[in-house]
Structure formats: structure tokens, C-alpha cells
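Breakdown of the fold
Given next are the chains, with one letter for each unit.
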Amino acid sequence: DSTSNDASSRNPIVIAANRLPVMRTDDGWAPSPGGLVRALLPMLRESGGTWVGWTGNSDDHVEPFHVDGVDLHPVPISEEEIELYYEGFSNDALWPLYHDALRDSTYDAAQWEAYRSVNERFAVTLANIAPTDATVWIHDYQLQLVPGMLREQRPDVTIGFFLHIPFPPYELFSRLPWREEIITGLLGCDLVGFQRPKGATNFIACAQQLLGVDAHDGIIENAEYQTRVDSFPISIDFGEVEEMAAGRATRKRTSQIRARLGDPEVIMLGVDRLDYTKGIGLRLQAFAQLLEDGRLDPERHVLVQVATPTREAVEHYKDERAQIERLVGEINGRFSRIGLPVVHYLYQTLPYDELIALYRAGDVMLVTPFRDGMNLVAKEYAAAHIDGDGVLVLSEFAGAADELTDAVLVNPHDNEALQDAILQAVAMHRHERRHRMAGLRDQIRKSDVQGWADRFLTALLHAGEAP
Ligand code: GDG
């Protein structure tokens, strides 16, 4: 029954993403951490579906295997393709273009060719393994050509795509030398989903301007089928984060962290991949200016910044890292005391339970990206604050700002405003802190990652029905 919302009666679901949802361990494979994987694996198991993706190692030719009752189908990617398709086209052309063109994109024909050919490999794999009438759900900017390629080979399957990052306005998107190809690829879908309503309207506008398609009420008319376009804000596994935060080990670790930091009055916290979209540098500058002006006091206020290593082969990321590390050095050189740095900087990937303990220790969480599809860190922080306390400072330019209206919302480009937001958070009265935190937690609890996946798949089933 293809009209049912009940996951158990669904046609097999096949997922395609750049990465498989597993990591290598000493004795095989284990599911990767993260809410997305936890939300999707049970659906795959129940529907008898498969996940198609790359193992994370170049030239890795691994036969299909199972983890936790789910079929995994590896797609090999060569070392040269990692450079051209992944680091190149995906992360040095599309990523900056889709994030407000915060850095210059590199447009290179060889990179495009590799992107096309890896997308073709995914499409052929999907065409070969998807059962008749299956539902195929493709994820993110690395695979935008797959829907169109797959539809040509397999008109029977229902195709959905979700973009985890923003979709830019026409004024930026139209810079892309292969703009028509990308739009055509995505129009192979029955449903295209974005994080925010603006992503959906930007995409429709691009399709209209570049391909002259007819669109009405969030539906684009193709020759023989329709593409629905809508927004589906992603979320986290609220219950899981809450449960981890409540554990005894976490509570112990949280007080240990506070003590190690010298029991300051206020612990401020930043947790980001070290990406130039995340606004880490401006955040550090605002913090430094407040210390400089004596509005924050290094004896009472410290900042912990976790910057997770990412895309280290890409030049813009090397530059960003050098800049942030110089800033951290300057600030600590000027304001730290022996044994008590004012910025605690970790260029490391921490275990998830350590991250949860840090969230709990953080009195003020600073999430200040210039542009972010959603930002799950903001949601994880609130979910971890089972004590009902803590303040979230959140950029208006994160998708999460649409829902998390109880945060202290700020325009991070406005450094005065950012300083004021930090001070407002530090000085906030306990009553207001608790009131806002309750609002944040209610919001995330009622729209968690399971709800997101259910809403997307239900919309996809309906989109796939004949109009
Ligand atoms: C993209 C979009 C969108 C971070 N450091 C560590 C660590 N993390 C985990 C966090 C969080 C995840 O990574 C980061 O997710 P974000 O949503 O904040 O950002 P992106 O990585 O840029 O994700 C974004 C997302 O896709 C989902 O659609 O929200 O807008 O850019 O879960 O906890 N995890 C561990 N150690 C770390 O050091 N274990």
C-alpha cells in the first residue's frame, strides 16, 4: 500500500549518500555516530532496504556487507576522484557558492567531469540494486546529478533528494558554469527537500529562470511527471542526547571539566567543524574585544572552542585554520595567566560523550555561522541541558534560527551586535535563562530527527503517486 504512512508497510527504501553510515573498527564495521544514521538505519532494516555510499577510503573495493541487519553497498572512489570530485568540485566549487560565496569557488572542467562520473557510478549502482517500485532517497550536494541519471534508467522508482546545506539565490547560483546540468539533475526527483523555505523558493526560481519550467504551489511541471519542492528542517535524536547527558559518567565529567577550567563563573563554548562558514574568527574577535574593554574578565569568563579537523587538503581550510590559530595565540598571549588560558582551543575530533559533557559544562553556547543549512550543534546543546539552564547565542543565518526563536539571535557580521549578544547571554537573569531554555527544549523535543525522516518519506510517497 503505497499510500500508507506506516514505515513497516513501505516499499523498500534505498538511501544514497557520499558516505556509508559506518566506520571501520578492529573487527569489522560499526554504525557511525549521529542522529541521521540512527534515524535512518531502523527504517532501512524494517523496509528491507540498502544504503549506497563510499567507505571513506580511496580505491576501496569492498563487496556489499551487512551491519545491524542493514545492507550496505559500497561505491568505490579513486584517489584522483577524491581530489577532483570531493575536495574539488563538491568542497571547493559548490560548498562556497552555496554558502553565500563566502570564499571564491574554483570552477574547473576536470573537477566537473569527475563529479559527473562519480554521480554516474552512484546512479548505475542504484539502478542495478533498487527493487521494482522502490523508494530512493539521495542525500546532499555531492550527488545532485544522481536523480536525473537514475530516472532515465529506472522510471519505476520514486526518487527523493534532500539538500543538507543552503540552496543559494539565483544571483549566486547562476555563476556556476554547469548550472543547467545541476538543475536538470535535481528535476529527476519526485520530491526535492531543503532545510529552509528559502532554499525551496531559490531552487524554484533557478529552475524557472534557467530552464523556463512551469511552477505553481511548490510543484514543478516536467514533461511526464511533477517535482514537488518543499522544506524539511532536520533535527537531532533528542531522547538520545538527553539520555547521554543524564548519565552518571557525563555528570562526573562535566564537573571535572569545570574544575579543570579553574571553576570560572561563565564557561562559553563553541563547537564547529573548522569551516570558514562557521564564523569562528569573528566570534574570537568579539570575545577579545570584550576582554580588551574590560566588559569580560579573564578571571571569571573563559571560552572553550572545539574546532574539528575537516577538509584539510583544501586551501581555504588551511588559510582559515592558520588565521584562527593565530587569533587564539594572540588572545591567550594577551589575557591568559599561568595555568589559566582564557581560550581553550581543541583542534580535535572528540568522542561524542565528551562533547555532551562539554555541552553540559557550557553556560553560554556560541553558534555564530555566516551561513549554515541547519546547525545541529545548537540543537544538541539545548537537548543536553537537562538542568534547564544555559543560554544559546545563535546566528540568524543558521537554518536553526527559524525554529529556535528562544535563542539570543544575532547577525554575526555585525561585531557590535555580536558583542552585545554575548554580554546579554552572560548577564541574563536565571529566570529568563530557564524560560528560554524550556522553550528551546520543547521545540526540539517535538520535532526530532525521526519526525523529520517520517515527514520527508511520507511526502515522498505522496509525491510519487500519479497526480
Ligand atoms: C551539515 C550542514 C546541517 C562536531 N564536532 C565533533 C562532533 N561534531 C558533530 C556535532 C554535530 C555535527 O558534528 C555537526 O553538525 P552541524 O549541523 O553543526 O554542521 P555540519 O557538519 O556543517 O553539517 C548543517 C547538517 O549537515 C545536517 O543536515 O545541520 O547546516 O552544514 O552533530 O555533534 N562529533 C564528535 N566529535 C567532535 O569533535 N563526536
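As a reminder, the structure under discussion sits directly above these lines.
A brief look at the structure comes next. (Residues numbered from 1 in each chain as written. Predicted model: local features only at pLDDT ≥ 70, side-chain atom pairs only at ≥ 80, totals over all residues.)

Re the nonpolar core
- With 143 residues, the main nonpolar core has Ile15, Ala16, Val136, Leu392, Val393 and Leu394 as its most contacted residues.
- For this core, the leading source of residues is helix H2 (residues 79-98), giving ten residues. (Core = buried A, V, L, I, M, F, W, Y, C linked by C-beta atoms within 7 Å. Buried ≥ 20, exposed ≤ 12 C-beta atoms within 10 Å, placed from the backbone. Helix = DSSP H or I, 4+ residues; strand = E, 2+ residues; numbered from the N terminus.)

Some thoughts on the environment of Asn332
- With respect to the secondary-structure elements, Asn332 resides in helix H11 (residues 315-335).
- Separated by 117 residues in the primary sequence, Asn332 and Val449 place their C-alpha atoms 39 Å from one another.
- The residues touching Asn332, leaving out its near neighbours within four places in the chain, are Pro341, Val342 and Val343. (Contact = placed C-beta atoms within 7 Å.)

Section: the packing of helix H10 (residues 280-292) against helix H14 (residues 415-427)
- Packing of H10 against H14 brings their axes to within 9 Å, and their N-to-C directions diverge by 70 degrees. Taken together, the axis directions place H10 and H14 in an arrangement best described as roughly perpendicular. Crossing of H10 over H14 shows right-handed handedness. Contacts between H10 and H14 involve Leu282, Gln285, Ala286, Phe287, Gln289 and Leu290 on the former and, on the latter, Asn415, Leu418, Gln419, Ile422 and Leu423.
- Residues that form the contact of H10 with H14 fall into these classes: seven nonpolar, four polar and no charged. (Axes fitted to C-alpha atoms, helices over the stretch in contact; angles between N-to-C directions. Parallel < 35°, antiparallel > 145°, perpendicular 65-115°, else oblique. Left-handed = near helix turned anticlockwise from the far one by under 90°. Nonpolar A, V, L, I, M, F, W, Y, C, P; charged D, E, K, R; others polar.)

A few points about the site of the ligand
- As a structural note, the neighbourhood of the ligand is formed by 21 residues, with His164, Thr308, Gly373, Met374 and Leu376 the closest of them.
- Of all elements in the fold, only strand E13 (266-273), strand E14 (301-308), helix H12 (352-361) and helix H13 (376-384) reach the threshold of two or more residues within the shell around the ligand.
- Among the elements that line the shell around the ligand, the one with the most residues is H13, at three residues.
- Among the residues forming the shell around the ligand, the class breakdown is twelve nonpolar, six polar and three charged. (Near = placed C-beta within 6 Å.)

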